[in-house]
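Inside the fold
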Amino acid sequence: MLIIDRIEEGKAVCETEDGGHITLDHFPEGAREGDVLVPDESGGYRIDSEETERRRALAVRLSAHIRGRRR
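Basis of the calculations
- Residues numbered from 1 in each chain as written.
- Predicted model: local features only at pLDDT ≥ 70, side-chain atom pairs only at ≥ 80, totals over all residues.
- Heavy atoms only, no water.
- Core = buried A, V, L, I, M, F, W, Y, C linked by side-chain atoms within 4.5 Å.
- Buried < 20%, exposed > 50% of the residue type's maximum accessible area, 1.4 Å probe, protein only.
- Helix = DSSP H or I, 4+ residues; strand = E, 2+ residues; numbered from the N terminus.
- Contact = heavy atoms within 4.5 Å.
- Salt bridge = Lys/Arg side-chain N within 4 Å of Asp/Glu carboxyl O.

1. Topic: the nonpolar core
Core analysis: the biggest nonpolar cluster contains 7 residues, these being L2, I4, A12, C14, L24, A31 and L37. For this core, the secondary-structure elements that each account for two or more residues are β1 (2–8) and β2 (11–16). Sequence-distant contacts of L37, that is, excluding residues within four places in its chain, are made with M1, L2, I4, C14, L24, P28, Y45, R46 and I47.

As structure tokens, this is what we get:
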């Protein structure tokens, strides 16, 4: 599993499960920062939409919780 950290100069810089980073020259069309990528049958990667949305929802909840504690 990889998570797109950022896209720069047409390449996706991804965080690996162990906290490292790799660069993908070829990544799924429509991929954006924060998307979770998993290997596909062709040897490339596909977007795991369910895991991406789960992580985004968690980030929103955590952000709201942090903002609420600062008041």
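From this point, the discussion proceeds with the structure in view.
2. Considering unusual backbone geometry
Located in the positive-phi region is E9, a residue other than glycine, with phi close to 50 degrees. Relative to the helices and strands, E9 is located in the loop between β1 and β2.

3. Description of the pattern of salt bridges
For the structure on display, the rule yields 7 salt bridges. Here K11 ties to D25 by a salt bridge, and the two come within 3.4 Å at their closest N and O atoms. Remark: D25 occurs in the loop between β3 (21–24) and β4 (36–39) and K11 occurs in strand β2; sequence separation between them is 14 residues. The partner of R54 in a salt bridge is E51, and the shortest N-O contact between them spans 2.7 Å. Residue R54 and its partner E51 are located together in helix α1 (residues 49–69), separated by 3 residues, close to a single helical turn.

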